[in-house]
Amino acid sequence: MIKAQLREAATLIGKSHSLNAFTGAGISAESGIPPFRGEEGIWNKYDPKVLDINYFLDNPRKSWIIIHKLFYEMFSKAKPNPAHFVLAEWQQKSILKSLITQNIDQLHQIAGSTEITCFHGTSLELVCMECGKKFAVDEKLFEELPPLCSACNGILKPDFIFFGEGIPPKAYAEAIDAAKKTDVMLIIGTSGEVRPANQIPVLAKQNGATIIEVNRDPSHYTQSLSTMFFRGEAGKILPEINALITK
Ligand code: NAD
């Protein structure tokens, strides 16, 4: 990595007044959580229909057996990596003003980030499909699959969005607001293929933001949007930039 470019990114970040980070599955890859797509992706091993809302409603037990294995057994073993910790540090130092994640794995929260817009919801709670009651995740809920609501016996679903569901309105409004306000947006570990999340950086750019991208491979944004592109692993690049910040 060219030191001058890292220094330039550190200067832009240090001088920004409304830095935003927009993260995707790639930021958690070094924590052992594979992305959905690509050679090592989850959908190479499992059928994505388990996260289709209509399939889930018709086959809750079949869906839940895979969902539990992927999003509760695998996620519970994962730990944040240096990229998550750098963002948490920047938030604590008020360098980072807003954090939008497409991820549902809770690693930003575990690393110490507090105010997070979870664009696709969270795996931390389950929601009843009948009465809407929410439950904090507890292994006891999974003793029988599918887990059922203690209030009405309805089927519980993870409180993240499935294929065929809309974005949680509060998260959507927060993300739009942050995209309009930000002067520097860091895009980390996202291919930019998932709609409508992929429109958030576009809106930021339209509103004049400088875009700094950190991705292992070139993305949807690299040619069209990014002012600077750092190709590589977020867990290495973010600490390198952090070391050069003087603020
Ligand atoms: P994606 O799978 O479409 O793209 C991942 C991106 O991360 C790619 O551009 C790749 O080059 C990059 N990448 C891979 N390893 C990296 C690393 N070590 N450092 C930096 N970049 C790296 O991911 P997406 O754009 O987030 O879209 C996938 C959807 O699936 C999202 O909605 C996301 O929420 C969801 N998902 C979430 C998780 C999770 O919560 N950890 C895991 C899988 C999928």
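Just above, that's the structure.
Reference entry: report on the structure contained in this document. (Residues numbered from 1 in each chain as written. Predicted model: local features only at pLDDT ≥ 70, side-chain atom pairs only at ≥ 80, totals over all residues. Heavy atoms only, no water.)

## Thoughts on the nonpolar core
Of all hydrophobic cores here, the largest spans 29 residues; its most connected members are Ile13, Leu87, Trp90, Leu186, Phe230 and Ile241. Core analysis: the second largest hydrophobic core is formed by 27 residues, Ile42, Trp43, Leu51 and Leu145 among them. (Core = buried A, V, L, I, M, F, W, Y, C linked by side-chain atoms within 4.5 Å. Buried < 20%, exposed > 50% of the residue type's maximum accessible area, 1.4 Å probe, protein only.)

## Some points on the site of the ligand
Around the ligand there are 27 residues in total, and Ala25, Gln102, Asp105, Thr190 and Ser191 lie nearest to it. Take Glu30: an N or O atom from its side chain is 2.8 Å from a nitrogen atom of the ligand. Contact distances for the ligand include 2.5 Å between an oxygen atom and a side-chain N or O atom of Ser191. Across the shell around the ligand, the residue classes break down as nine nonpolar, 12 polar and six charged. (Near = heavy atom within 4 Å. Polar contact = N/O pair within 3.5 Å; in protein donor to acceptor, adjacent residues only side chain to side chain. Nonpolar A, V, L, I, M, F, W, Y, C, P; charged D, E, K, R; others polar.)

## Things to note about the pattern of salt bridges
This model, assessed by the stated rule, comprises eight salt bridges. For Lys93, the salt bridge identified is with Glu89, shortest N-O distance 2.7 Å. Taking the shortest distance from any N to any O, the salt bridge between Arg231 and Asp217 comes out at 3.7 Å. Taken together, the residues span a long stretch of sequence, with Arg231 in strand E9 (residues 228-231) and Asp217 in the loop between strand E8 (210-215) and E9 at a distance of 14 residues. The class of Asp217 is partly exposed, set by a relative accessible area of 37%. A network of salt bridges, in which partner residues are shared, links Arg216, Asp217 and Arg231. (Salt bridge = Lys/Arg side-chain N within 4 Å of Asp/Glu carboxyl O. Helix = DSSP H or I, 4+ residues; strand = E, 2+ residues; numbered from the N terminus.)

## Re the packing of aromatic side chains
Summed over all chains, the structure comprises 11 aromatic pairs. With a centroid separation of 5.2 Å and 80° between ring planes, the pair formed by Phe56 and Phe162 is classed as edge-to-face. Here Phe56, found in helix H2 (residues 53-58), pairs with Phe162, found in the loop between strand E6 (156-160) and helix H6 (169-181); they are 106 residues apart in sequence, far enough to count as distant. When its relative accessible area of 3% is taken as the criterion, Phe162 is described as buried. Ring geometry for Phe71 against Phe75: centres 5.3 Å apart, planes inclined by 90°, an arrangement best described as edge-to-face. One end of the pair is Phe71 and the other is Phe75, both in helix H3 (residues 60-77) and four residues apart, which spans about a single turn. For the pair shown, Phe71 and Phe75 are each scored as buried. (Phe/Tyr/Trp six-rings, centres within 6.5 Å; stacked < 30°, edge-to-face > 60°.)

## Quick look at the packing of helix H1 (residues 3-15) against helix H8 (residues 234-243)
It is at 8 Å that the axes of H1 and H8 come closest, and there the two elements cross at 70°. It follows that H1 is roughly perpendicular to H8 by the angle criterion. Here H1 runs over H8; the crossing is right-handed. Contact residues: Leu6, Ala9, Ala10 and Ile13 in H1; Ile237, Glu240 and Ile241 in H8. Residue composition of the contact of H1 with H8, by class: six nonpolar, no polar and one charged. (Axes fitted to C-alpha atoms, helices over the stretch in contact; angles between N-to-C directions. Parallel < 35°, antiparallel > 145°, perpendicular 65-115°, else oblique. Left-handed = near helix turned anticlockwise from the far one by under 90°. Contact = heavy atoms within 4.5 Å.)

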